[in-house]
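Per-entry structural report
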Amino acid sequence: KAGVTQTPRYLIKTRGQQVTLSCSPISGHRSVSWYQQTPGQGLQFLFEYFSETQRNKGNFPGRFSGRQFSNSRSEMNVSTLELGDSALYLCASSFEGFETQYFGPGTRLLVL
Amino acid sequence: ILNVEQSPQSLHVQEGDSTNFTCSFPSSNFYALHWYRWETAKSPEALFVMTLNGDEKKKGQISATLNTKEGYSYLYIKGSQPEDSATYLCACETGGGADGLTFGKGTHLIIQP
């Protein structure tokens, strides 16, 4: 079966802009989680969506938001981009929650 | 903020040798411990999820143990192969999952032929 897909794969933005990233989970998976990977902080949990509802949220400012659609596809939005938002953004899907998650290839965001 | 520590940060091992590394986490409010393998240019791959004290899981030559009372988990690789070269991440789930996952910084393992 098809794996988790993320678009776009690479993105360059400038400070102050906003960005939307997309994640399509494995068919049948209802949970989608988002993570940020930076060299300094490692992999950090952003939020988890299940059946169109945000269930869990990590310690990130309100500029980071997300949503999930009825087909379980999820989007993540970052407003007013800062240089420190440059990172690899990963999404992962699973049937219910944090049990075996399958990760997408990631979107690499560079903020100039 | 939950503190999940992994040691060592990096490790060089000869092919065929066995190795192990550690993940330490706060034992209070513990719910589950996850191990992932992350190879360069690939996505993280789930290895194990463990919840009970004393849990042991095995996948091929890789195994893991869990001690929730003292807050640590060991990952063992028996007879390392070059394809085992990767960063191994552990992540702790607390509060029944309500707090999300907190990851350690990983152990970067390099297997030298």
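Here goes a summary of the coordinates provided. Every value quoted in this text rests on a predicted model; they were computed, and no experiment measured them. (Residues numbered from 1 in each chain as written. Chains lettered and ligands numbered in written order. Predicted model: local features only at pLDDT ≥ 70, side-chain atom pairs only at ≥ 80, totals over all residues. Heavy atoms only, no water.)

1. Comments concerning the interface of chain A and chain B
Opposite the 18 residues of chain A that make contact, chain B presents 17 residues. Interface area lost by chain A to chain B is led by A:Leu43, A:Phe98 and A:Phe103, which between them contribute 42%. The interface formed by chain A and chain B contains 0 salt bridges. Our count for the contact surface shared by chain A and chain B stands at 4 residue pairs in polar contact (both at pLDDT 80 or more). Of the residues forming the side of chain A that touches chain B, the biggest block, 3 residues, is contributed by strand S5 (residues 42–50) of chain A. (Contact = heavy atoms within 4.5 Å. Buried area = accessible area lost by both parts, 1.4 Å probe. Salt bridge = Lys/Arg side-chain N within 4 Å of Asp/Glu carboxyl O. Polar contact = N/O pair within 3.5 Å; in protein donor to acceptor, adjacent residues only side chain to side chain. Helix = DSSP H or I, 4+ residues; strand = E, 2+ residues; numbered from the N terminus.)

2. What to know about the state of the cysteines
Defined simply, a disulfide is a covalent bond joining two cysteines at their sulfur atoms. Tallied over the full model, the rule gives 2 disulfides over all chains. Between the sulfur of A:Cys23 and that of A:Cys91 lies a disulfide, 1.9 Å long from S to S. The chirality of the disulfide connecting A:Cys23 with A:Cys91 is right-handed, given an S-S dihedral of about 75°. Taken together, the positions of A:Cys23 in strand S3 (residues 19–24) and A:Cys91 in strand S9 (residues 87–94) put the pair 68 residues apart, joining distant regions of the chain. The pair formed by A:Cys23 and A:Cys91 is uniform in burial state, with each residue classed as buried. Sulfur-sulfur distance for the disulfide between B:Cys23 and B:Cys90 comes to 2.0 Å. Here B:Cys23 and B:Cys90 share a disulfide; its torsion about the S-S bond, 75°, makes the bridge right-handed. Residue B:Cys23 is located in strand S3 (residues 19–24), and its partner B:Cys90 is located in strand S9 (residues 86–94); the two are separated by 67 residues in the primary sequence. Exposure class is identical for B:Cys23 and B:Cys90. Each is buried. We note that B:Cys92 lacks a disulfide partner, and the nearest cysteine sulfur, in B:Cys23, lies 7.2 Å from it. (Disulfide = S-S within 2.5 Å. Buried < 20%, exposed > 50% of the residue type's maximum accessible area, 1.4 Å probe, protein only.)

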